[in-house]
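Coordinates in review
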Protein chains: 2
Amino acid sequence: MTITRQCFTYNCIREDFIQNTYMQILLKFKINESLFLRDPESSEVGKLIVEKGIDLIRDVGFERFTFKKLAEKINSTEATIYRYFASKYRLLIYILNWYWCYLEFVSKMSLQELGDSTQKLKLILEIITHNFDSDSQIVDYDLEKLHGIVISESSKAYLVKEVDEINQELVFSPLKSFCQFVGQVILQVNPKFAYPNALASTLLETAHDQHFFSEHLPKLADNKSKITHKKYVLNYLNFLAFSAINSYQ
Amino acid sequence: MTITRQCFTYNCIREDFIQNTYMQILLKFKINESLFLRDPESSEVGKLIVEKGIDLIRDVGFERFTFKKLAEKINSTEATIYRYFASKYRLLIYILNWYWCYLEFVSKMSLQELGDSTQKLKLILEIITHNFDSDSQIVDYDLEKLHGIVISESSKAYLVKEVDEINQELVFSPLKSFCQFVGQVILQVNPKFAYPNALASTLLETAHDQHFFSEHLPKLADNKSKITHKKYVLNYLNFLAFSAINSYQ
DNA sequence: TTTATAAAGATAGTATTACTATTATTTGTT
DNA sequence: AACAAATAATAGTAATACTATCTTTATAAA
């Protein structure tokens, strides 16, 4: 399966589906409408805002990211961007919503072929650490950049004073949905397991933290053999997940 | 042991030390000098800046926290605060440095009395989740506020573009030092354990995340019986830590 | 007691940020 | 050809994150 992303639309070519025939399936993730004022997928400028927004947040960090700088990058104006997003914070959550939907989609697609729940969880860990085969097949250039944002900016989406208010707008539903999906796979591996959702969120957060630590604060990690950060995180998460799940309390 | 905090000085009364005699030990944590321009412990305004700074960050969140608002709270001016701290970001790291030093100090003090390394680790988990006996004996009113800041703001100290530059200033040394101390205790429990530092940092980060999730995004946690957030986090961390450590790979 | 000096207070000012508002221009549609 | 809708261009505001300067106050040495 080869997946091509066109901005926030998935272009899904299943080579195995019909022999010698490329079948394109266009997928759109329905993103919570409260996150934008005008649907960025509805126009070229809108797509540019999101696409180059990812680039810029990645390049300068969320704190230094401004709509003014983004406007310059896309040869447009601040006013135009404000017609799509009420604030840079909403744009960040929009991007993360897309990413969380992507995680759940790719997981569900890939897991269909697997019967063994242990193998399912292993595959999920590959997906969240971006050690996934299909990942490299994704033609879209900016999934790596997106992963970079997720690692260093995603917790800023919820670690704010207004968390309860914005949570009411359902903007964290895709994250919860993904974690609960992972939690169900965990329960398939061990139906007696007491912390399926907590472990799911811990694995996702730890994937980000340990990637960041391995790269920037190596004393907070144990990447001794200096393998790639992704590979190190995958090994560690596999160990953590299965030692927890297989320990009956 | 009763501990009283006076701003950034510990006032340590060991009741067991000499019967019926209160012995006061004043402790100061040496905070990295690059974090301040003028030592806030050297004056009353300085102490107020830190003390009321904790209050205000806790009340409005780090994003909305400004030196102007803080100046009003302490009946002083922005200019005065800027003479102590170059930015609100440096003040945050200063506060976190103090907290990380506190964690290591309280851990080392309490662990002296224990021989069994498993008991040591259990006690450390009590300390980082603030389920610790001495915690409630700490007369100082704002340790709870400090814990609140640590839960929702601490990752913002390192999740920034400039992490490598500020890391060179050694401002994360107390965090690394604490995690490595915990890592050594983990190795005492199981000398073959492959991820002592990673597990230590994971436990600390997970303590914050799960506390936050239990409170604000409960679907990302498993606090089913609705016990206190602290108690839930302690149970989960104990499970996570010992299933990892006792699983020989 | 005067005098130096260091901290703090009072005040002003700047560049940037995070917006909002207004008008003009372009673009596609009937 | 007329129309609406989106965008561009421009201006403006309040707040933020500072820097600078000058005055007052407290403290301590001469």
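Residues numbered from 1 in each chain as written. Chains lettered and ligands numbered in written order. Predicted model: local features only at pLDDT ≥ 70, side-chain atom pairs only at ≥ 80, totals over all residues. Heavy atoms only, no water.

- Per an unreviewed UniProt entry, chain A goes by Transcriptional regulator, TetR family and derives from Pedobacter suwonensis.

1. A few points about the relation of the copies chain B and chain A
- Of the transformation superimposing chain B on chain A, the axial component is 0.0 Å and the angular component is 180 degrees, with the fit at an RMSD of 0.0 Å. Taken together, the rotation angle and the small translation identify this as a two-fold axis.
- Looking at the interface residues of chain B, 100% of them are also at the interface in chain A, so both copies use one shared face. (Least-squares fit on C-alpha atoms with pLDDT ≥ 70 in both. Contact = heavy atoms within 4.5 Å.)

2. Comments concerning the side chain of serine 107 of chain A
All names here are of chain A.
- Summarising the element assignment, serine 107 is placed in helix 4 (residues 88-111).
- Overall, the relative accessible area of 0% leaves serine 107 in the buried class.
- Beyond its immediate stretch of four places on either side in the chain, serine 107 contacts Ile124, Ile127, Phe178 and Phe181. (Helix = DSSP H or I, 4+ residues; strand = E, 2+ residues; numbered from the N terminus. Buried < 20%, exposed > 50% of the residue type's maximum accessible area, 1.4 Å probe, protein only.)

3. A few points about the protein's contact with DNA strand C
- Of all residues adjacent to DNA strand C, which total 16 residues, the nearest are Arg38, Val45, Ser76, Thr80 and Tyr84 of chain B.
- Backbone atoms, meaning sugar plus phosphate, form 60% of the atoms of DNA strand C positioned within 4 Å of the protein.
- A distance of 3.3 Å separates a phosphate oxygen of DNA strand C from a polar atom in the side chain of serine 43 of chain B.
- Of all the elements in the fold, those that place two or more residues in the surface near DNA strand C are helix 3 (78-84) of chain A together with helix 3 (78-84) of chain B.
- In terms of residue count, the dominant contributor to the surface near DNA strand C is helix 3 of chain B (four residues).
- Class assignment of the residues belonging to the surface near DNA strand C gives a composition of six nonpolar, five polar and five charged. (Near = heavy atom within 4 Å. Polar contact = N/O pair within 3.5 Å; in protein donor to acceptor, adjacent residues only side chain to side chain. Nonpolar A, V, L, I, M, F, W, Y, C, P; charged D, E, K, R; others polar.)

4. Regarding the packing of aromatic side chains
- For the structure shown, the criterion picks out 33 aromatic pairs over all chains.
- Aromatic pair tyrosine 232 of chain A and tyrosine 236 of chain A: ring centres 6.3 Å apart, planes at 10 degrees, arrangement stacked. Here the residue tyrosine 232 of chain A and the residue tyrosine 236 of chain A both occupy positions in helix 11 (residues 229-245), the gap between them amounting to four residues, near one helical turn.
- The exposure class assigned to tyrosine 232 of chain A is buried, which follows from its relative accessible area of 2%.
- Tyrosine 236 of chain A gets classed as buried once you look at its relative accessible area, which sits at 0%.
- Ring centres 6.0 Å apart and planes at 35 degrees place the aromatic pair tyrosine 99 of chain B and tyrosine 102 of chain B in the tilted group. Here tyrosine 99 of chain B pairs with tyrosine 102 of chain B, and both are found in helix 4 (residues 88-111), just three residues apart, close to one helical turn. Each member of the pair, tyrosine 99 of chain B as well as tyrosine 102 of chain B, carries the same accessibility label: buried. (Phe/Tyr/Trp six-rings, centres within 6.5 Å; stacked < 30°, edge-to-face > 60°.)

5. Focus: the interface of chain B and chain A
- The partner chain A presents 53 residues to the 53 residues of chain B that form the contact.
- Interface of chain B and chain A: buried area, both sides summed, is about 4,500 Å²; carbon and sulfur atoms make up 63% of it.
- Area buried by chain B at its contact with chain A is led by Leu159, Tyr195 and Phe239 of chain B, which between them contribute 15% of it.
- There are two salt bridges connecting chain B and chain A.
- As a salt-bridge pair, glutamate 162 of chain B and arginine 64 of chain A come within 3.6 Å of each other at their nearest N and O atoms.
- Between the two partners, chain B and chain A, sit 24 residue pairs in polar contact (both at pLDDT 80 or more).
- Of all the elements in the fold, those that place two or more residues in the side of chain B that touches chain A are helix 1 (44-60), helix 7 (143-153), helix 8 (155-158), helix 9 (163-168), helix 10 (173-189), helix 11 (196-216) and helix 12 (229-245) of chain B.
- Considering every element that reaches the side of chain B that touches chain A, the biggest residue donor is helix 11 of chain B, with 13 residues. (Buried area = accessible area lost by both parts, 1.4 Å probe. Salt bridge = Lys/Arg side-chain N within 4 Å of Asp/Glu carboxyl O.)

6. Some details on the protein's contact with DNA strand D
- Near DNA strand D there are 16 residues, and of these Arg38, Val45, Ser76, Thr80 and Tyr84 of chain A occur at the shortest range.
- Counting only atoms of DNA strand D within 4 Å of the protein, the sugar-phosphate share comes to 62%.
- Between serine 43 of chain A and DNA strand D, the recorded distance is 3.4 Å, taken from a side-chain N or O atom to a phosphate oxygen.
- Contact distances for DNA strand D include 2.9 Å between a phosphate oxygen and a side-chain N or O atom of threonine 80 of chain A.
- Elements represented by at least two residues in the surface near DNA strand D include exactly helix 3 of chain A together with helix 3 of chain B.
- Sort the elements by how many residues they give to the surface near DNA strand D and helix 3 of chain A lands first, with four residues.

7. Re the nonpolar core
- Among the nonpolar cores identified, the biggest contains 174 residues, and Ile128 of chain A together with Ile128 of chain B are the most heavily contacted of them.
- Dropping the residues within four chain positions of it, isoleucine 128 of chain B is found in contact with Tyr99, Leu103, His147, Phe178, Leu203, Leu204, Ala207 and Leu237 of chain B. (Core = buried A, V, L, I, M, F, W, Y, C linked by side-chain atoms within 4.5 Å.)

8. Notes on unusual backbone geometry
- Phi at leucine 170 of chain A is positive, roughly 70 degrees, even though this residue is not glycine.
- Tracing the backbone shows leucine 170 of chain A in the loop between helix 8 (163-168) and helix 9 (173-189).

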